[in-house]
Amino acid sequence: QVQLVESGGGLVQAGDSLRLSCAASGRAFSNYGMSWFRQAPGKEREFVAGISGNGISTYYADSVKGRFTISRDNAKNTVYLQMNSLNTEDTAVYYCAAGRGTGVVTITRLCASWGQGTQVTVSS
């Protein structure tokens with residue numbers, strides 16, 4: 001099991017960009033598909049983006065496709081979420097999660113480990 005720590009959240013204006021990072025500790029980081037989820041106040045946690053263990057396969061929610069990019073550096077045990085053209089609907093707590101295998105994980109109950117979350121607030 002991996003331990004995850006997110007960073008990079010903050011307050012930005014609509015149209016701005018932000019990059020989130022998730023540092024993982026534990027063994028064999030490349031053995032885990034990694035994903036970003038987010039949870040807005042009063043809403044359920046939702047999938048944002050995922051990447052396979054080898055970094056070749058990626059998958060995005062329709063709401064962020066073309067604006068967000070997920071990537072990973074297995075040498076640094078880190079996964080990133082580059083967020084461009086942010087809007088107020090992107091305001092949420094963003095969570096990093098590890099799957100149980102190398103594939104992309106899009107469902108919360110299939111995630112084995114979670115970070116503590118980082119707040120992203122987009123003002124109009």
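Quick caveat: nothing in here was measured; it's all calculated off a predicted structure. (Residues numbered from 1 in each chain as written. Predicted model: local features only at pLDDT ≥ 70, side-chain atom pairs only at ≥ 80, totals over all residues. Heavy atoms only, no water.)

## Section: the overall build of the protein chain
- Along its length, the protein chain carries zero helices and 11 strands.
- The secondary structure elements of the protein chain, listed N-terminal to C-terminal, are β-β-β-β-β-β-β-β-β-β-β.
- For 124 residues, the compact-globule formula gives about 14 Å, and the C-alpha radius of gyration of the protein chain, at 13 Å, lands near that figure.
- The buried share of the protein chain, reckoned over its 124 residues, is 44%.
- Of all intrachain contacts in the protein chain linking residues separated by at least 6 positions in sequence, the fraction that spans at least 24 positions is 59%.
- Here the protein chain has roughly 6200 Å² of accessible surface; of this, 46% comes from carbon and sulfur atoms.
- Here the protein chain contributes 11 positively and 8 negatively charged side chains, and the mean placements of these two sets differ by 9 Å. (Helix = DSSP H or I, 4+ residues; strand = E, 2+ residues; numbered from the N terminus. Rg over C-alpha atoms; globule rule 2.2 N^0.38 Å. Buried < 20%, exposed > 50% of the residue type's maximum accessible area, 1.4 Å probe, protein only. Contact = heavy atoms within 4.5 Å. Areas by Shrake-Rupley, 256 points an atom, 1.4 Å probe, with all protein chains shown as cover. Lys, Arg positive; Asp, Glu negative; His and termini not counted. Charge placed at Lys NZ, Arg CZ, Asp CG, Glu CD.)

So far we have only geometry, and geometry alone does not tell us how the molecule works.
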